[in-house]
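Topology and contacts: notes
The chain contents come next:
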Amino acid sequence: MIQSRHGFTLPEVCVALTIFFIGTTALLGVWSFFNREVAEERLRLERFEHVFSTMESLIANRPNCVDSLTGALSQNVSHSPESQVISVRLKRIPGNKHLAWAVVEREGFSLKRLMRCR
């Protein structure tokens, strides 16, 4: 009766493969989550850049001082996957006809700045 212990038994191989497949599945799930988070962060950054560039264009091209420019300055961002409107509101400072608070908003991003207007 010769007992050779060169190799693995079938239960050992099945357990090893099961552990390997569970680990691989877990790593793929984490990788998928990471890729979704990166894509969402890029989308948030794009939204912020649109809000920031709109505020910068208001600073460069001073608007007329009126109480609200929401309808006049709202712009449709057509190159984004989901076309969203950037809302721009001006609120004049009482007692000063050339200063106003400018608020630029889009999907959770809001910038507020005191600015000169015409």
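What you see is a predicted model, and the numbers here were worked out from it, not measured in a lab.

1. Description of the overall build of the protein chain
From N to C terminus, the protein chain includes two helices and four strands. Starting at the N terminus, the α and β elements of the protein chain follow one another as α-α-β-β-β-β. Here the protein chain, with 118 residues, has 19% of them falling under the buried criterion. Across the protein chain, the fraction of contacts at a sequence separation of at least 24, relative to all contacts at a separation of at least 6, is 45%.

2. Topic: a nonpolar patch on the surface
Taken together, Phe8, Val13, Leu17, Phe20 and Phe21 make up a surface patch of nonpolar side chains, about 560 Å² in accessible area. As for its position among the elements, Phe20 is in helix H1 (residues 10-60).

3. Let's talk about the pairing of strand E2 (residues 85-92)
In the case of a regular strand, side chains alternate between the two sheet surfaces. One ladder, built from six bridges, connects E2 with strand E3 (residues 99-106); its direction is antiparallel. Counted as the bridge partner of Leu90 is Ala102 from E3. Here E2 folds back onto E3 in antiparallel fashion, the turn holding six residues, of which Gly95 has a positive phi close to 90 degrees.

4. Structural notes on the nonpolar core
Soluble globular proteins: nonpolar side chains tend toward being buried together. Val51, Met55, Leu58, Ile86, Val88, Leu90, Ala102, Val104 and Met115 together form the largest nonpolar core, which totals nine residues. For this core, the secondary-structure elements that each account for two or more residues are H1, E2 and E3.

5. A short note on the pairing of E3
Here eight bridges tie E3 to strand E4 (residues 109-116), and the two strands are oriented antiparallel to one another. Its bridge partner being in E4, Arg106 is matched across the sheet by Phe109. Once E3 ends, the chain turns through two residues before running back antiparallel as E4, passing Glu107 with a positive phi of about 45 degrees.

6. Details of the packing of aromatic side chains
In the structure shown here, the tally under the stated rule is four aromatic pairs. One aromatic cluster in this structure is built from Phe48, Phe52 and Phe109. A cation over an aromatic ring shows up here: Lys112 above the ring of Trp101, its NZ or CZ 4.9 Å from the ring centre.

7. Overview of the pattern of salt bridges
Applying the stated criterion to the full structure yields five salt bridges. A salt bridge links Arg44 to Glu41; its shortest N-O distance comes to 2.6 Å. With Arg44 and Glu41 both in helix H1, this residue pair falls three residues apart, about one helical turn. Judged by relative accessible area, which is 29%, Arg44 ranks as partly exposed. The exposure class assigned to Glu41 is partly exposed, which follows from its relative accessible area of 44%. Among the salt bridges present, the one from Arg89 reaches Glu105, with a minimum N-O distance of 2.8 Å.

8. A closer look at the confidence of the model for the protein chain
Looking at the protein chain, the pLDDT average stands at 83 and 80% of residues meet or exceed 70. When mean pLDDT is compared element by element in the protein chain, H1 scores highest at 94, while strand E1 (residues 75-76) scores lowest at 44. Across residues 70-81 the pLDDT falls below 50, and counting only partners more than four positions away or on other chains, this stretch makes 27 contacts in the model.

Basis of the calculations
- Residues numbered from 1 in each chain as written.
- Predicted model: local features only at pLDDT ≥ 70, side-chain atom pairs only at ≥ 80, totals over all residues.
- Heavy atoms only, no water.
- Helix = DSSP H or I, 4+ residues; strand = E, 2+ residues; numbered from the N terminus.
- Buried < 20%, exposed > 50% of the residue type's maximum accessible area, 1.4 Å probe, protein only.
- Contact = heavy atoms within 4.5 Å.
- Patch = residues over 30% accessible without salt bridge, like charges linked within 9 Å, V, L, I, M, F, W, Y side chains within 5 Å.
- Areas by Shrake-Rupley, 256 points an atom, 1.4 Å probe, with all protein chains shown as cover.
- Salt bridge = Lys/Arg side-chain N within 4 Å of Asp/Glu carboxyl O.
- Pairing = 2+ DSSP bridges.
- Core = buried A, V, L, I, M, F, W, Y, C linked by side-chain atoms within 4.5 Å.
- Phe/Tyr/Trp six-rings, centres within 6.5 Å; stacked < 30°, edge-to-face > 60°.
- Lys NZ or Arg CZ within 6 Å of the ring centre and 35° of its normal.
- pLDDT = per-residue confidence, 0-100.

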